[in-house]
Amino acid sequence: MFLQALIIVGLMVLMSFMGFIMRKTDAVGNENKGLSVVLLYIAQPCMVVSALQGYDYASSALGNMGVMALLAVITQTLILAAAFFVFKFNKDDKQRRVYAFASAFSNCGFMGIPLMRALIPENTALPFYAVIYVIIFNLLAWTAGIYIITGDKKYISLKNAFLNPVTLALVVALPMFFFNVKFPEKLGDVISVLGSMTTPLCMIILGIKLADVKVKDLFSGVSVYVCAVIKLFIAPLFAYLITLPFDIEQSVVIAITLAVAMPTASMTIVFAERHGGDVTAGAKAQLITTFLSILTVPIITLLF
């Protein structure tokens, strides 16, 4: 599994060089809002819906769904709180807030679900449990996550929690899942194709961002390395270790560990831009953790 994960993550990251070359040759500008909109509002929701459509509901899955949701809440909440405390050493308030967010929230949807599908294709439960993680991720990112970046409690609201693309897509997808209702084959194929755009789009946007970051700025500062250690090693190890004392299905263990092990979430930059956070810190965290994940994710798979 180590070598397979190394190849898969390596190929994912390689996609970013397409965006890098396009930006360096001025084929695209530094504004990529159109791509981001397609990614956030079309590709990711379709990917989540497709993952649910690919798994047949059984009442026995309810317990594991609850376990996965609980593990997601515990890991994300505790890691976010711990990271916020750790970055107290950084006197730049905007920067430390973004690094705390970047340490806790992972690219679980854009990279995690495609990775699990490619790594163990015969285990359809993995992307399904990853979707449960993505649901909790979205609820926390759009509330507690934005609060961490802004320091404004008004963002901790039901409106922010539920009025986001993935949650709205689930309003349709979850009832269909529980009643084992499938889309017509052709429509299901379209949704699957749109969902499969998620990783390429994410990586291309990352490459475009990379082209505008000076190398000396990318690798400067202690905080980005602290963020990388928390995000890529401490967080997934914590997620794995808290499952050991309990009799938890192996698919859930693998799904929670890999979801947490993904590099910094792409929405770190989006949220920083929208809410007055340190965009450079968000870009550095995403870029550094994404490239390091080529080595760290395969290492994490050795746990299984």
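Refer to the structure presented above.
Counting starts from 1 at the beginning of each chain's written sequence and moves along it residue by residue. Where local features are concerned, this predicted model is filtered to residues with pLDDT of at least 70; where side-chain atom pairs are given and counted, the filter is 80 or more; whole-chain, interface and lining totals use all residues. Excluding hydrogens and water, the side-chain figures rest on all heavy atoms present in the structure.

J.: For this particular structure, what's the right way to read the overall build of the chain?
T.: Across its full length, the chain carries 16 helices and 0 strands. Relative to the globule expectation of 19 Å for 304 residues, the C-alpha radius of gyration of the chain, 18 Å, shows essentially globular dimensions. A principal-axis box enclosing the C-alpha atoms of the chain has dimensions of 50 × 45 × 45 Å. Put simply, the chain has 304 residues, and 54% of those count as buried. The contact rule is simple, with two residues in contact once any of their heavy atoms fall within 4.5 Å. When contacts within the chain are restricted to residue pairs at least 6 apart in sequence, those whose partners lie at least 24 apart make up 85%. The protein chains shown are the only cover counted for residues, whose accessible areas, like all others here, come from Shrake-Rupley with a 1.4 Å probe. Of the roughly 13,000 Å² of accessible surface on the chain, a fraction of 70% belongs to carbon and sulfur atoms. All tallies of charge rest on Lys and Arg as positive and Asp and Glu as negative; His and the ends of each chain are not included. For this purpose, a charge sits on NZ of Lys, CZ of Arg, CG of Asp or CD of Glu. For the chain, the centre of its 20 positive side-chain charges and the centre of its 15 negative side-chain charges are spaced 9 Å apart. Think of it this way: any DSSP run of H or I at least four residues long counts as a helix, any run of E at least two long counts as a strand, and we number them from the N terminus. Using C-alpha atoms as the atom set, the radius of gyration is obtained and then compared with a globule rule of 2.2 Å times the number of residues to the power 0.38. Relative accessibility under 20% of the residue-type maximum defines a buried residue, over 50% an exposed one, and the middle range a partly exposed one, all with a 1.4 Å probe and only protein chains included.

J.: What should I look at first to understand helix α1 (residues 2-14) in this one?
T.: Note: α-helices contain 3.6 residues per turn, so residues at a spacing of three or four share the same orientation. Helix span, expected: 1.5 Å multiplied by one less than the number of residues in the helix. Across its 13 residues, α1 extends 18 Å between first and last C-alpha, which sits within 8% of the 18 Å expected from 1.5 Å per residue. Those residues of α1 that are buried are in contact with α2 (16-24), α6 (108-119), α11 (198-211) and α16 (279-301).

J.: Hey, could you run me through unusual backbone geometry in this one?
T.: Trans peptide bonds make up most of the peptide bonds, and negative phi angles are found at most residues other than glycine. Located in the positive-phi region is Asn-180, a residue other than glycine, with phi close to 55°. Among the structural elements, Asn-180 can be located in the loop between α9 (165-178) and α10 (185-196). Its relative accessible area of 37% is what places Asn-180 among the partly exposed residues.

J.: Looking at this model, I keep getting lost on the packing of α1 against α16. Mind explaining?
T.: In a packed pair of helices, the relevant descriptors are the angle between the two axes and the axis-to-axis distance. Axes, fitted as lines to C-alpha atoms, cover a helix only where it is in contact. Angles between the N-to-C directions of the axes lie from 0 to 180 degrees. The contact between α1 and α16 brings their axes to 8 Å, and the two run at 160°. By the criterion of interaxial angle, the relationship of α1 to α16 is roughly antiparallel. By crossing handedness, the relation of α1 to α16 is classed as right-handed. Of the residues in α16, those in contact with Phe-2, Ala-5, Leu-6, Val-9, Gly-10 and Val-13 of α1 are Thr-290, Phe-291, Ser-293, Ile-294, Leu-295, Val-297, Pro-298, Ile-299 and Thr-301. When residues are sorted by character, Ala, Val, Leu, Ile, Met, Phe, Trp, Tyr, Cys and Pro go into the nonpolar class, Asp, Glu, Lys and Arg into the charged class, and all the rest, Gly among them, into the polar class. Residue classes in the contact of α1 with α16 are distributed as 11 nonpolar, 4 polar and no charged. Between 65 and 115 degrees an angle is taken as roughly perpendicular, under 35 as roughly parallel, over 145 as roughly antiparallel, and anywhere else as oblique. Here a crossing is taken to be left-handed if its near helix is turned anticlockwise relative to the far helix by less than a right angle, and right-handed if that turn runs clockwise.

J.: Sorry, what's going on with the pattern of salt bridges here?
T.: Pairing is possible between side chains of opposite charge, provided their charged atoms come close. One side-chain nitrogen of Lys or Arg within 4 Å of one carboxyl oxygen of Asp or Glu is enough to make a salt bridge. Applying the stated rule across the entire model yields 2 salt bridges. Notably, a salt bridge pairs Asp-93 with Arg-97, separated by 3.1 Å at the nearest N-O pair. With Asp-93 and Arg-97 both in helix α5 (residues 93-104), this residue pair falls 4 residues apart, about one helical turn. By relative accessible area, which is 14% here, Arg-97 ends up buried. Three or more residues are tied together by salt bridges with common partners; here these are Asp-93, Arg-96 and Arg-97.

J.: Looking at this structure, I do not really get the nonpolar core. What am I missing?
T.: Across soluble globular proteins, nonpolar side chains have a tendency to be buried as a group. If you look at the biggest cluster of nonpolar residues, it comprises 101 residues, and the most contacted ones within it are Phe-105 and Tyr-133. With 18 residues, the top contributor of residues to this core is helix α7 (residues 125-150). Contact partners of Phe-105, with chain neighbours within four places excluded, come to Gln-76, Leu-80, Phe-137, Leu-140, Ala-141, Gly-145, Lys-231, Pro-263, Thr-264 and Ala-265. We define a nonpolar core as any set of buried Ala, Val, Leu, Ile, Met, Phe, Trp, Tyr and Cys residues linked to one another through side-chain atoms lying within 4.5 Å.

J.: Is there a simple way to explain α2 in this structure?
T.: For α2, every residue scored as buried is listed here: Ser-16, Gly-19 and Arg-23. Taken down its axis, α2 places every buried residue within 60° of arc, on the same side. α2 presents Ile-21 and Lys-24 as exposed residues on the side facing more than 90 degrees away from its buried surface. In this structure, the buried residues of α2 make contact with α1, α11 and α16. Working note: the arc is built from the helix axis to C-beta atom directions.

J.: Explanation requested: the packing of α5 against helix α13 (residues 223-241) in the structure shown.
T.: Orientation of α5 relative to α13, taken along the N-to-C sense of each, is 20°, at an axis distance of 9 Å. Taken together, the axes of α5 and α13 are roughly parallel relative to one another. Crossing handedness for the pair α5 and α13: right-handed. From α5, Gln-95, Tyr-99, Ala-102 and Ser-103 reach across to α13, where they touch Ser-223, Val-224, Cys-227, Ile-230 and Lys-231.

J.: Help me out: how do you make sense of the packing of aromatic side chains in this one?
T.: Aromatic ring pairs are defined here through the distance separating the ring centres and the angle between the ring planes. Two rings from Phe, Tyr or Trp (for Trp, the six-membered ring) form a pair when their centres are within 6.5 Å of each other. A pair whose planes differ by under 30 degrees is stacked, one over 60 is edge-to-face, and the rest are tilted. Considering all chains together, one arrives at 12 aromatic pairs under this definition. Here Phe-101 and Phe-105 contribute two aromatic rings whose centre-to-centre distance is 4.5 Å and whose plane-to-plane angle is 35°, an arrangement assigned as tilted. Taken as a pair, Phe-101 and Phe-105 share a single burial class, namely buried. Among the aromatic residues, those joined into a cluster by ring pairs are Phe-101, Phe-105, Phe-137, Trp-142 and Phe-271.

J.: Looking at this structure, how should I read the environment of Gln-4?
T.: Counting through the fold element by element, Gln-4 comes out in helix α1. On the basis of relative accessible area, Gln-4 is assigned to the partly exposed category, the value being 35%. Sequence separation of Gln-4 and Lys-153 is 149 residues, and the distance between their C-alpha atoms is 43 Å. Not counting chain neighbours up to four residues away, the residues in contact with Gln-4 comprise Ala-118 and Leu-119.

J.: Help me understand the side chain of Gln-286, please; the structure alone is not making it clear to me.
T.: Mapped onto the secondary structure, Gln-286 falls in helix α16. At a separation of 3.2 Å, a polar atom in the side chain of Gln-286 contacts the side chain of Ser-266. Look past the residues within four positions of Gln-286 in its chain and what remains in contact with it is Asn-107, Leu-206, Thr-264, Ala-265, Ser-266 and Ile-269. The term polar contact refers here to a pair of N or O atoms within 3.5 Å; inside protein, the definition further demands a hydrogen-donor-capable atom paired with an acceptor-capable atom, and it admits residues adjacent in sequence only when both atoms are side-chain atoms.

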